[in-house]
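Notes for the structure review
Residues per chain, in single letters:
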Amino acid sequence: MTGSMLARARSFHRVWLVSVLAVPGMVLAAQSLNAQTPDSITAPLPFEITPGDTVEVPIPPGVVSSDTVPTELREAAQQLRPAPVLPDFPAPSPVGWSAARWRWDRSELLMIPGLTLLDLVERLPGFVAFRTGEFGRPLALTTPGSGGGRLRIFIDGYELDPFDAASYPLEAVPLADLSEITVERTLSEVRVEVVSFQLTDPQPYSEVQLGTGAFQTRMLRALFSRGFGRRSVATGSLDLLQTEGHGYVEPYASRNVNLRWATIPSERGGVQLEFRSTKIDRRESVFPLETTRKDLALRGRRLLGERTTVEGIVGHTRVSGVRSFLIPDTASIGSIVEVEAPERSDIQAVGRLAYSGERMLVRGSAQSRYALRDEPVIMPLEARTSVAFRPVSSLWLEAEAIVQSSETTSAGGFRLGGSLNPLPKFTVFGSIEGGSRLNVVRYLPGTMISDPLGPFLSDTVSLVFSRERANATGYRAGVELAGFSGRAGGAIVGRASTRISGFGLPFDIGVAPFDVGPNTALEMYFDTRLFSALPALRVDGWYNHPLEGEASPYVPNGLGRFGISLHDQFYGGQLEPRLRLELVRQGRVTVPLPEFAEGEVSVPEIQTMNLEFRLRILDVQAFLIWNNLLLDDISLPVQSAPPPRPRLIYGASWRFHN
């Protein structure tokens with residue numbers, strides 16, 4: 001490390017020290033501010049106020065109208081009704097760490113820092129990220145021991161198929177048009193279910209968010225929704241992210257445009273037409289990619305009776321543009337292979353049904369896809385049924401069955417889970433999975449040769465897209481303790497022998513599916529107040545420690561986050577500050593990389609720090625995101641990956657009702 005880099009690292013260590021020492025001071029300042037209400041604050045008067053004329057002049061009744069609001073405005077206000085919305089499709093329950101299922105509504109999402117959906121999911125317990133650089137560079141997200149092809153994203157029940165890899169990029173999902181997010185982490189896959197924004201207020205709603213930061217990073221988000229008459233609602237949103245990258249040589253831009261028109265004749269149901277356009281452009285970077293995705297979906301949702309909801313969706317997806325991979329060589333700089341995937345177009349049909357009773361929730365879905373071109377679709381057919389049952393208040397049971405089929409193979413699996421509360425604040429939980437699942441696989445086949453004295457060779461430049469059947473066998477069991485100040489828990493997570501797929505990204509595009517042995521890990525978490533006298537100050541964290549299978553790919557030798565946060569409200573909720581300081585540790589982990597002679601590399605241990613701050617005053621919110629304070633390396637050791645740099649983003653957002 002050069003002297004300049006050492007000086008920069010020391011300066012950021014001092015920033016970390018100042019940030020830690022500033023937390024108690026902010027807590028005391030917040031407590032003192034909270035103790036002062038507007039009514040209790042008094043100030044000396046600069047001069048003596050002389051009472052005015054105390055003579056009362058009687059006003060005869062009837063001279064002044066009892067209501068000065070014009071009749072037209074008063075009648076219009078009385079006729080205001082809530083905006084029409086589609087009936088809610090019941091979401092799975094319960095949520096929390098013991099269920100490995102998390103959910104956030106819109107009010108919570110507005111206070112969670114982050115640029116993309118990736119920043120939110122990455123913080124959850126048991127998720128590991130593999131990066132090729134900073135914001136905008138290819139990134140893989142998975143759970144330890146799972147590999148690629150396990151992450152699936154659904155927007156209102158409609159699945160987003162991957163562009164050019166095994167999983168859809170989370171950083172390409174817009175945040176401006178989200179009303180609710182549910183993330184479910186099972187042993188076989190990760191499901192991210194997104195609910196789009198729905199207007200519930202009779203008045204039009206708009207929101208604007210602007211941000212800028214290091215490396216010429218710029219952000220613009222806008223949303224507008226309003227009703228038309230008494231039966232229709234139109235919503236439009238725009239989400240733009242752009243950066244020039246480290247040294248202004250890694251440009252990246254993403255653009256999302258969403259338009260929806262809903263016609264809802266009654267509270268029991270309606271139809272909605274939706275158009276989504278997503279564009280990703282990093283043509284001038286080391287890993288070039290330019291692609292555009294367009295989705296047009298028509299949905300109908302209706303209540304049958306008081307507890308049954310049925311929904312049908314049909315949509316068309318078209319992905320076009322240049323999708324190229326540059327595979328760097330370890331021996332000679334610039335020896336690369338470029339792979340282009342053909343345009344893809346397919347039709348997706350979805351049927352969903354849910355019954356929500358007092359003690360039971362039943363959900364069923366069926367998905368079917370038809371390719372309009374020669375390239376195979378992601379999953380031609382999938383049927384899923386889940387039942388959640390709570391016979392008594394202290395017992396919860398859940399069962400799920402899945403059947404998947406493609407042109408060449410099929411799979412089927414099940415999952416059983418439940419929890420028991422033998423004591424009021426003590427929970428015992430567990431789940432098992434069996435059978436198999438189909439994983440999406442994208443890789444560059446052929447004989448991959450990496451000669452230390454020669455260039456990178458490949459006997460083909462054809463990108464293969466297929467599905468691989470993998471075991472979905474494993475278990476998770478543990479306990480959770482809830483107290484007056486927080487929660488804590490521990491669990492054992494085990495996976496049996498299974499088949500792992502690569503992510504299909506530039507750094508592992510040559511990795512064909514392979515088998516791995518079983519692995520077991522200990523998972524721990526806590527979330528509690530730091531001091532009973534300071535309820536606004538909390539600490540939280542989680543840690544995954546492997547007990548077996550340390551040498552397995554994608555299984556870090558220790559993975560966790562620890563954070564301390566200050567979050568409170570003042571003046572009746574009109575002032576809301578939030579400060580969070582977070583430490584992240586990812587232990588040494590092996591990653592299959594075909595361009596290396598050994599076939600895999602060992603990513604060194606990573607320890608870094610993130611700082612987040614948000615301040616809301618009424619409907620205006622300012623934010624600051626400062627990641628990688630310690631300048632630790634968060635990149636895979638691939639060629640041309642930039643050195644570590646902090647990511648600094650700041651901006652503000654406004655909400656309007658008019």
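Note that this is a predicted model, so its numbers are computed, not measured.

**Some thoughts on the overall build of the protein**
The helix and strand inventory of the protein stands at four helices and 38 strands. Counting across all 658 residues of the protein, residues that qualify as buried make up 51%. Surface accessibility of the protein: about 29,800 Å² in total, with carbon and sulfur atoms responsible for 60%.

**Concerning the layout of surface pockets**
Volume-wise, the second largest pocket comes out at about 890 Å³. Lining the second largest pocket are 48 residues, with Phe89, Ala91, Asp156, Glu180 and Val195 positioned closest to its centre. It is strand 18 (residues 360-371) that contributes the most residues to the lining of the second largest pocket, six residues altogether. Split into classes, the residues belonging to the lining of the second largest pocket amount to 16 nonpolar, 13 polar and 19 charged.

**Side note on the nonpolar core**
Grouped together as the largest cluster of nonpolar side chains are 63 residues, with contacts concentrated most on Trp104, Leu117, Phe130, Ile181, Val183 and Val192. When residues of this core are assigned to their parent elements, the largest contribution, four residues, is made by helix 4 (residues 117-121). The residues contacting Trp104, other than those within four sequence positions of it, are Leu109, Ile112, Leu120, Leu124, Ser179, Glu180, Ile181 and Val183. Within the second largest apolar cluster, twelve residues are counted, among which are Ala536, Leu537, Ile564 and Met609.

**Concerning the side chain of Ser320**
Relative to the assigned elements, Ser320 resides in strand 14 (residues 308-322). Setting aside chain neighbours within four positions, we find Ser320 in contact with Glu290, Thr291, Thr292 and Glu343.

**Let's talk about empty space enclosed by the protein**
Using the criterion set out here, one finds eleven cavities of 30 Å³ or more in the structure. Its boundaries defined by the atoms lining it, the second largest cavity holds a volume of some 330 Å³. In this structure, the second largest cavity is lined by 28 residues; those nearest its centre are Leu139, Ser167, Pro169, Glu171 and Leu505. Going through the elements one at a time, strand 3 (139-142) and strand 15 (324-326) are the ones with two or more residues in the lining of the second largest cavity.

**Considering the pattern of salt bridges**
Where charged atoms from two side chains of opposite charge come close, those side chains can pair. Taken as a whole, this structure holds 50 salt bridges when the rule is applied. The closest approach of N and O atoms between Glu612 and Arg123, which form a salt bridge, is 3.5 Å. Pair noted here: Glu612 is in strand 36 (residues 606-617) and Arg123 is in the loop between helix 4 and strand 2 (128-131), with a separation of 489 residues, a long-range link. The exposure class assigned to Glu612 is buried, which follows from its relative accessible area of 7%. Taking the shortest distance from any N to any O, the salt bridge between Arg384 and Glu382 comes out at 3.8 Å. The pair formed by Arg384 and Glu382 is uniform in burial state, with each residue classed as buried.

**A short note on the environment of Ser406**
By the element assignment, Ser406 lies in the loop between strand 20 (395-405) and strand 21 (410-423). The sequence separation of Ser406 and Glu382 amounts to 24 residues, and the corresponding C-alpha distance is 9.0 Å. Discounting chain neighbours no more than four positions away, the residues touching Ser406 are Pro380, Leu438 and Arg467.

**Overview of the sheet that holds strand 4 (residues 151-155)**
Strand order in the open sheet formed by five strands is 1-6-7-4-5, and the pairing between neighbours is mixed. In this open sheet, the two strands that pair with only one neighbour each are strand 1 (101-105) and strand 5 (158-159). Judged from the five bridges that link them, strand 1 and strand 6 (residues 178-185) form a sheet pairing that is antiparallel. Note on strand 6: the bridge partner recorded for Arg101 is Glu184.

**Quick word on the packing of aromatic side chains**
Inspection of the entire model under this criterion finds eight aromatic pairs. Between Phe130 and Phe503 the ring centres are 6.1 Å apart and the planes differ by 45°, which places this aromatic pair in the tilted class. One end of the pair, Phe130, is in strand 2; the other, Phe503, is in the loop between strand 28 (498-500) and strand 29 (514-516), with 373 residues separating them in the sequence. You'll find Phe130 and Phe503 in the same group, each marked buried. Aromatic side chains Phe130 and Tyr554 sit 5.6 Å apart centroid to centroid with 65° between the ring planes, which places their arrangement in the edge-to-face category. With a gap of 424 residues between them, Phe130 in strand 2 and Tyr554 in the loop between strand 31 (534-548) and strand 32 (559-567) connect regions that are remote in the sequence. In this structure, Phe130 and Tyr554 share a single accessibility class: buried. An aromatic cluster of three or more residues is present, and its members are Trp97, Phe429 and Tyr525. The ring of Phe228 has Arg226 sitting right over it, with the charged end atom 4.8 Å from the ring centre.

**Some thoughts on unusual backbone geometry**
Geometrically, the link from Ser93 to Pro94 is a cis peptide bond, its omega value of 0° lying close to zero. Within the secondary structure layout, Pro94 lies in the loop between helix 2 (71-78) and strand 1. A positive phi angle, close to 60°, is found at Gln216, a residue other than glycine. Relative to the assigned elements, Gln216 resides in the loop between strand 8 (205-213) and strand 9 (217-228). Since its relative accessible area comes to 39%, Gln216 is described here as partly exposed. Even without glycine at this site, Leu618 takes up a positive phi of about 55°. The topology assignment puts Leu618 in the loop between strand 36 and strand 37 (620-627).

**Things to note about a nonpolar patch on the surface**
On the surface, Val271, Leu273, Leu296, Leu298, Val314, Ile347, Tyr370 and Leu372 cluster together into a nonpolar patch covering about 710 Å² of accessible area. Those elements that place two or more of their residues in the nonpolar patch are strand 12 (269-281) and strand 13 (290-304). Inspection of the secondary structure assignment puts Val271 in strand 12. Under the relative-accessibility criterion, Val271 is labelled partly exposed at 44%.

Parameters at a glance
- Sequence order as written defines the numbering, with residues in each chain counted from 1.
- Given that the model is predicted, a residue must reach a pLDDT of at least 70 before its local features are reported, and side-chain atom pairs must reach 80 or more before they are shown or counted; all residues, however, enter totals for whole chains, interfaces and linings.
- The side-chain figures draw on all heavy atoms in the structure; neither hydrogens nor water molecules are used.
- Strands are runs of DSSP state E lasting at least two residues, helices are runs of H or I lasting at least four, and both sets are numbered from the N terminus onward.
- Partly exposed describes any residue whose relative accessible area lies between the buried limit of under 20% and the exposed limit of over 50%, with all areas from a 1.4 Å probe on protein chains only and scaled to the type maximum.
- Each accessible area is a Shrake-Rupley estimate made with a 1.4 Å probe; only the visible protein chains count as cover when residues are assessed.
- Only protein atoms enter the 1 Å grid used here. Points where a 1.4 Å probe fits but cannot escape make up a cavity, open sets with protein on both sides within 12 Å along at least five of seven lines make up a pocket, and a residue lines them when an atom lies within 4 Å of a point.
- Grid points are joined across faces, edges and corners, and a volume is the space filled by probe spheres set on the points.
- Throughout this entry, Asp, Glu, Lys and Arg are counted as charged residues, while Ala, Val, Leu, Ile, Met, Phe, Trp, Tyr, Cys and Pro are counted as nonpolar. The remaining residues, Gly among them, count as polar.
- Residue types Ala, Val, Leu, Ile, Met, Phe, Trp, Tyr and Cys, when buried and joined through side-chain atoms within 4.5 Å, form a set referred to as a nonpolar core.
- We call two residues contacting when some pair of their heavy atoms lies within 4.5 Å.
- The working definition used for a salt bridge is a side-chain nitrogen of Lys or Arg within 4 Å of a carboxyl oxygen of Asp or Glu.
- Two strands form a pair only when DSSP identifies at least two bridges running between them.
- Here a pair means two rings of Phe, Tyr or Trp (six-membered ring of Trp) with centres within 6.5 Å. Their orientation is stacked below 30 degrees between planes, edge-to-face above 60, and tilted elsewhere.
- The criterion for a charge sitting over a ring is simple: Lys NZ or Arg CZ within 6 Å of the ring centre, and within 35 degrees of the ring normal.
- What makes a patch is a set of residues exposed beyond 30% relative accessible area and free of salt bridges, joined within 9 Å when like-charged and within 5 Å when nonpolar (Val, Leu, Ile, Met, Phe, Trp, Tyr).

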